[in-house]
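Structural features, examined
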Amino acid sequence: MPRYNPSVIEPKWQRYWAEHKTFATPQMPAGQKLYVLDMFPYPSGDGLHVGHPEGYTATDIICRFERMRGRSVMHPMGWDAFGLPAEQHAKKTGTPPRVTTEKNTSTFRRQLQMLGFSYDWDRELATTDPGYFRWTQWIFLQIFDTWFDRQAQRGRPISELPIPPEVKSQGEDAVRRYQDQHRLAYQSEAPVNWCPALGTVLANEEVIGGISERGGHPVVRLPLRQWMLRITAYGDRLEEDLETLEWPDSIKALQRNWIGRSTGAEVDFFVGREGTAQGGRPAPAEFKAWRAARSEGGFPTTATDDVVRIYTTRPDTLFGATYMVLAPEHPLVARLTSPEQSAAVKAYCEQAARKSDLDRTDLAKDKTGVFTGSLAVNPANQRPVPVWIADYVLASYGTGAIMAVPAHDTRDYEFAVTFGLPIVPVVDPGSDATVNRDDVLAGKAVFPGEGTAIHSSAFDGLSTSDFKTKITADLVARGVGREAVNYKLRDWLFSRQHFWGEPFPVLHELDADGKLTGLMRIVPAEELPVDLPELKKFESHGTPDPPLEQAPPDWLYPIIDGRRYKRETNTMPQWAGSCWYYLRFLDPKNEQALVDPQIEKTWMPVDIYIGGAEHAVLHLLYARFWHKLLFDRGVVSTIEPFGKLVNQGMILGEVELTGYQKADGAWVSVAVVDGAAEGGPELKASREKVTGVRVPFDKAEKAGDVFVLKEKPDVRLDSRAYKMSKARGNVVNPDAVVKEYGADALRLYEMFMGPLEAAKPWSMEGVNGVRGFLDRVWRMITNERAEQLELNSAVKDVEPASEQNRVLHKTIQGVTQDLERMAFNTSIAKMMEFTNFFTKCDVRPRAAMEKLVLLLSPLAPHLAEELWQLLGHDKSLAYEPWPTFDPEAIREDNVEVPVQVNGKLRARVTVALGLGAAETEQAARADARIAELLAGQTVVKVVVVPGRMVNFVVKPAAG
RNA sequence: GCCGAAGUGGCGGAAUUGGCAGACGCGCUAGCCUCAGGAGCUAGUCCGGGUAACCGGGUGCAGGUUCAAGUCCUGUCUUCGGCACCA
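Residues numbered from 1 in each chain as written. Chains lettered and ligands numbered in written order. Predicted model: local features only at pLDDT ≥ 70, side-chain atom pairs only at ≥ 80, totals over all residues. Heavy atoms only, no water.

With that settled, consider the overall build of chain A. Along the backbone of chain A there are 31 helices and 40 strands. Along the first, second and third principal axes, the C-alpha set of chain A runs to 105 × 95 × 65 Å. Across the 959 residues in chain A, those meeting the buried criterion constitute 52%. If you average the places of the 112 positive and of the 127 negative side-chain charges in chain A, the two averages end up 2 Å apart. (Helix = DSSP H or I, 4+ residues; strand = E, 2+ residues; numbered from the N terminus. Buried < 20%, exposed > 50% of the residue type's maximum accessible area, 1.4 Å probe, protein only. Lys, Arg positive; Asp, Glu negative; His and termini not counted. Charge placed at Lys NZ, Arg CZ, Asp CG, Glu CD.)

Right, here's the structure in full:
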């Protein structure tokens, strides 16, 4: 019985495509090129999740659609295969990560192939292949070999870095050290999250409140030598070039926010060398001399040690700066601390050092701080201001010190209130409705907005923006300030203390005693890759040092030209491999270059890039950074890697009803429960803990717009879909769906659920629904009752009747337009309408059936290929021309026009297409019901949109 | 707190430019077919009233612009996502 049986036809066509290499991409495009890329997955041990195929189906549809429209399509897939889970598995079981990774990759590959995606599998790559990470290491060498020329705003070879004469005069080693300081890859001490219990270094996201996310063990912060990449140098370009991209505005906003560019001024507050060295205020004579020197010599590039340099975005509030704050880590803290304050300052700084960044911000409700005992001079009005230390100022942002303007900055205001510091308003909010003006002017409220200057001597009356310009110019003229730009973006911490990652192609020089000299030597490009050594065991060795410290000596200590070196033992983060994989897909087997320049020029940029929003910032920012650097170094030809970006929404689990019960089992309404409380749900009023219980749908009913318990209708239930998770037990396995409904049904359902970008709850009933549609298509074209597969007897070689032709062409038009704008859900709806219509026809013209099969083929390719073959074609439809529609066939002779009276729909009249406004109005007036409604009324106005609608505006006739 | 997205039937969602709200699917109801059905077919299904024609209401809430608002404007509430002392 040839019913629609996906478990037979799907493997059949997958084999066909593989054997015929149907989707092999030519190295050079034959037609117009289209590069469609999925964010490649990390092959986890859990296998594919129904979230993966959502984006992959969307890109697959686009690719199949565009191939039929004549484009040359690049559509590759690969594996982001380095990652912590495989390493942790190795620690537990001793299985080498490469073995685990290959096993997981096989599962992922099988699952993706089972869904019939049209990837060119000959381009498959994994970031863990030595042939791949050879080039990841090569890119690192490019970064290492680059410095950033601020003037030109681009990266240049380190050999072109100008060496100051005073450095040159110190000899070769000094020059090398100077270069090392300016490379875009550099080393620095940075704190890591070391968890002794787990024996591993954790990422910031894995540490919550000083406790490891996994296991709940304490985590300590230790400084460790780390590799950093100078992404901040590219801050401006990363921000500005967002404008050139066809990305969702929300993602651009997220990136802009992350880069966090702000403009303002740097200003020096004089503290002096003499008086302040022991606390107290700077000597007036010394200050005078400093002022004179500054107006002569100007503003020095790096701060001198007689000033505290601050950064502010509001130089216009300088007259309101009543104190200063240094971060606890600020280098001047020790010198500015007076003997009397020394104990208090020391205690405060030690306490701050113990807290992680997270703790500092978490406990941010109350401001803490300590006075240094020193005073500085406000350069606007020459008044002395106290210098404080507080951890609400971050050492890592700006200059690590601020001027505090409590009247106009919320944080400064809170601090000033806590410690009783003076509050001087210098901005009049005027009529600004957000604050009470009198309170602001009395120093009893904070006003962070813009307004008119007061208490600012000669600047009074200026608007905030004018003031900024004027005072900045004034500061520059006096040599005490300059314009400045800052970023929230920090340099990229690029090393990990892991085994399962790309080794750095770097060797550290050892002296005769086997100690590090601090000088480095790179592994030359032609000797790459630096492969990972074989480790005997993977267990933790109890120190935060990288696991590769345990590597065999012949790997760890190479001897070159008779000199002993130690290899770098940190490895690169997982981001490294995913930063450039889109380039390697173009030319995956090239051993001479990362990508052939001609091929790169032809295929780049990626035209459509689809993936989850979780990569909105980091992956996309890092990849853009590398791409720009490669552009500067002449490796790639475009300034940006990804043209159009689409984020697929998350697929949630099935909708669940949750009721809440107290410890004694009594039900409580969801209205009185705080579900987001820490440590589980609790009653809003009493903070009593309650338990969430899943309630089956047959125990609940709808009351108004909420669900309630059937047996206790005053108990409201929570109705929502949750993120799929193992813990919740609501994960849907694609294997099971394919087994029961078929891959085409899974693909179609994921597209039919709703817009690609939206978060959507899963529903097995919905899968069953689209499977029903595929069954109907099958029955429309085949004879299900025959013994052998044969055409339905209603399918005939005849011309379509005019109504049939109209439906056909409307469907072609609609589906084409919907696919062009990635509205997959509505394109499916249109094919359903087609099927509903033609199923009712006793005669189904073969040409119409063939066209539908072609329209359906990007979405449900296996079914389409099978029907195409049955309709008498002997090769794949993958490159059949896409059906075109005839506008003539769609045109109807008559249109139904709604007629409104005072904006309310009262009748519909059928008129000839293209009828003029006057005639349409006549036709509307001729309608019996309209005539009745207009009788006795004065028609004030008639609005006619020919072919669309008529509206009579009436009022009762006078008299 | 700040930034972003979204609120439309019992449910997922349509409505491309301001012009017939609810396409399509699920679910539900009734009927047909069947030995049987988690199969198929037909009809109905926004809410209230009415046998019906039809009438009234309706896109989170409150206003506004317009002949006309799901769509535009102002305010507000809720949910989700992100950032979180960035001076």
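Now that the structure has been shown, we can carry on.
Turning to the confidence of the model for chain A, a few remarks are in order. With 95% of its residues at a pLDDT of 70 or more, chain A shows a mean pLDDT of 89. The least confident element of chain A is helix H13 (residues 357-362), whose mean pLDDT is 54; the most confident is helix H19 (residues 581-584), at 98. (pLDDT = per-residue confidence, 0-100.)

This next bit is on the packing of aromatic side chains. The final tally for this structure, using the stated rule, is 49 aromatic pairs. One aromatic cluster is present, built from ring pairs that chain together Phe 140, Phe 144, Phe 148, Trp 227, Tyr 234, Trp 492, Phe 494, Phe 504, Trp 575, Tyr 622, Phe 625 and Trp 626. When the ring centre of Tyr 186 is taken as origin, the NZ or CZ atom of Arg 230, which lies over that ring, is 4.1 Å away. In this structure, Arg 728 packs its charged tip against the face of Tyr 722, placed 3.5 Å from the ring centre. (Phe/Tyr/Trp six-rings, centres within 6.5 Å; stacked < 30°, edge-to-face > 60°. Lys NZ or Arg CZ within 6 Å of the ring centre and 35° of its normal.)

Turning our eyes to something else, we now look at the pattern of salt bridges. A side chain of one charge can pair with a side chain of the opposite charge if their charged atoms are brought near each other. Applying the stated rule across the entire model yields 47 salt bridges. A salt bridge links Arg 183 to Asp 180, with the shortest nitrogen-to-oxygen separation between them at 2.8 Å. Asp 180 shares its class with Arg 183; the two are buried. Across the salt bridge formed by Arg 478 and Asp 474, the nearest N and O atoms sit 2.9 Å from each other. Taken together, the positions of Arg 478 and Asp 474, both in helix H16 (residues 464-478) and 4 residues apart, correspond to about one turn of that helix. Because the salt bridges share partners, they merge into one network encompassing Glu 266, Asp 268, Arg 294, Arg 309 and Arg 482. (Salt bridge = Lys/Arg side-chain N within 4 Å of Asp/Glu carboxyl O.)

If you walk across this open sheet you meet the 4 strands as E38-E37-E40-E39, and the pairing is mixed. The open sheet has two free edges, formed respectively by strand E38 (904-912) and strand E39 (937-945), since each of these has just one partner strand. Within this sheet the neighbouring strands show an average axis-to-axis angle of 20 degrees, counted without direction. Examined bridge by bridge, E39 and strand E40 (residues 949-956) share 8 bridges and lie antiparallel to one another. In the sheet register, Val 945 faces E40, and the bridge partner there is Met 949. (Pairing = 2+ DSSP bridges. Axes fitted to C-alpha atoms, helices over the stretch in contact; angles between N-to-C directions.)

Before going further, it helps to spend a moment on the sheet that holds strand E2 (residues 72-74). Strand order in the open sheet made by the 4 strands is E2-E1-E24-E25, with parallel pairing throughout. Either end of the sheet is taken by a strand with one partner, and the two such strands are E2 and strand E25 (642-648). For this sheet, the mean inter-axis angle between neighbouring strands, taken without regard to orientation, is 20 degrees. Note: strand E1 (residues 33-38) against E2, 3 bridges, orientation parallel. Bridge pairing in E2 links Tyr 35 to Met 74. Helix-sheet contacts for helix H2 (residues 52-68) involve E1, E2, strand E24 (606-612) and E25, and the interaxial angle to E1 is about 170 degrees. (Contact = heavy atoms within 4.5 Å.)

Right, let's get into the packing of helix H3 (residues 84-93) against helix H4 (residues 97-114). Packing of H3 against H4 brings their axes to within 8 Å, and their N-to-C directions diverge by 125 degrees. On the basis of the axis angle, H3 is oblique to H4. Crossing angle aside, the handedness with which H3 passes H4 is right-handed. Seen from H3, the contacting residues are Ala 86, Glu 87, His 89 and Ala 90; seen from H4, they are Pro 97, Thr 100 and Thr 101. Looking at the contact of H3 with H4 residue by residue, the classes come out as 3 nonpolar, 3 polar and 1 charged. (Parallel < 35°, antiparallel > 145°, perpendicular 65-115°, else oblique. Left-handed = near helix turned anticlockwise from the far one by under 90°. Nonpolar A, V, L, I, M, F, W, Y, C, P; charged D, E, K, R; others polar.)

Where burial is concerned, most of E24 is hidden: 6 out of the 7 residues are buried. Judged from the 3 bridges that link them, E1 and E24 form a sheet pairing that is parallel. Each bridged residue has a counterpart across the sheet, and for Leu 37 the counterpart in E24 is Tyr 609. The pairing of E24 with E25 spans 6 bridges and is classified as parallel. Along E25, the bridge assignment pairs Ile 610 with Val 646. Between the parallel elements E24 and E25, the chain passes through helix H21 (residues 618-632) in a crossover that is right-handed. (Right-handed = clockwise from strand over helix to strand, strands pointing away.)

To continue, consider the nonpolar core. In terms of nonpolar packing, the biggest core is built from 168 residues, with Phe 140, Phe 494, Trp 626 and Trp 762 touching the most fellow members. With 9 residues, helix H5 (residues 130-144) is the largest single contributor of residues to this core. Those residues in contact with Phe 140 that lie beyond four places of it in its chain are Ala 185, Trp 227, Leu 229, Phe 494, Phe 504, Pro 505, Val 506 and Met 572. (Core = buried A, V, L, I, M, F, W, Y, C linked by side-chain atoms within 4.5 Å.)

Most of helix H27 (residues 846-856) sits out of view: 8 of its 11 residues are buried. Residues Ala 848, Met 849, Glu 850, Leu 852, Val 853, Leu 854, Leu 855 and Leu 856 constitute the buried set of H27.

It is worth spelling out helix H9 (residues 249-259) at this point. Those residues of H9 lying buried are Ile 251, Lys 252, Gln 255 and Ile 259. Seen along its axis, H9 keeps its buried residues to an arc of 100 degrees; they face one direction. Of the exposed residues in H9, the ones pointing more than 90 degrees away from its buried face are Asp 249 and Asn 257. Looking at the buried residues of H9, the elements they touch are helix H8 (235-240), H21 and E25. Of the residues trailing H9, Gly 260 is marked for its positive phi of about 55 degrees. (Arc of directions from axis to C-beta.)

All right, on to unusual backbone geometry then. Note that the residue after Leu 528, namely Pro 529, is joined by a cis bond; omega there is 5 degrees. In this fold, Pro 529 is placed in the loop between strand E21 (516-522) and helix H17 (553-556). Of the consecutive residues Met 604 and Pro 605, the connecting peptide bond is found in the cis state with omega at 0 degrees. On the secondary structure map, Pro 605 appears in the loop between helix H20 (597-603) and E24. If you check the backbone angles, Ser 457 has positive phi at about 40 degrees while not being a glycine.

Quick look at the pairing of strand E20 (residues 506-510) now. Summarising burial for E20: 5 of the 5 residues are buried, a large majority. Burial of E20 is two-sided: the residues Val 506, His 508 and Leu 510 facing one way and the residues Leu 507 and Glu 509 facing the other way are all buried. Alignment of E20 against E21, held across 4 bridges, turns out to be antiparallel. For Leu 510, the partnering residue across the bridge sits in E21 and is Leu 516. Remark: 5 residues form the turn of the hairpin made by E20 and E21, two consecutive strands paired antiparallel; Gly 514 in that turn has positive phi of roughly 80 degrees. Looking at chain direction, E20 and strand E23 (residues 563-567) are connected through 3 bridges and run antiparallel. When the sheet's bridge partners are listed, Leu 507 is paired in E23 with Arg 567.

Residue position: Glu 549 is located in the loop between E21 and H17. Judged by its relative accessible area of 27%, Glu 549 is partly exposed. Sequence separation between Glu 549 and Val 767 is 218 residues, and the spatial gap between their C-alpha atoms is 52 Å. Beyond its immediate sequence surroundings of up to four residues, Glu 549 is in contact with Leu 556, Lys 566 and Thr 569. Polar contacts involving the side chain of Glu 549 include one to the side chain of Lys 566, which spans 2.9 Å. (Polar contact = N/O pair within 3.5 Å; in protein donor to acceptor, adjacent residues only side chain to side chain.)

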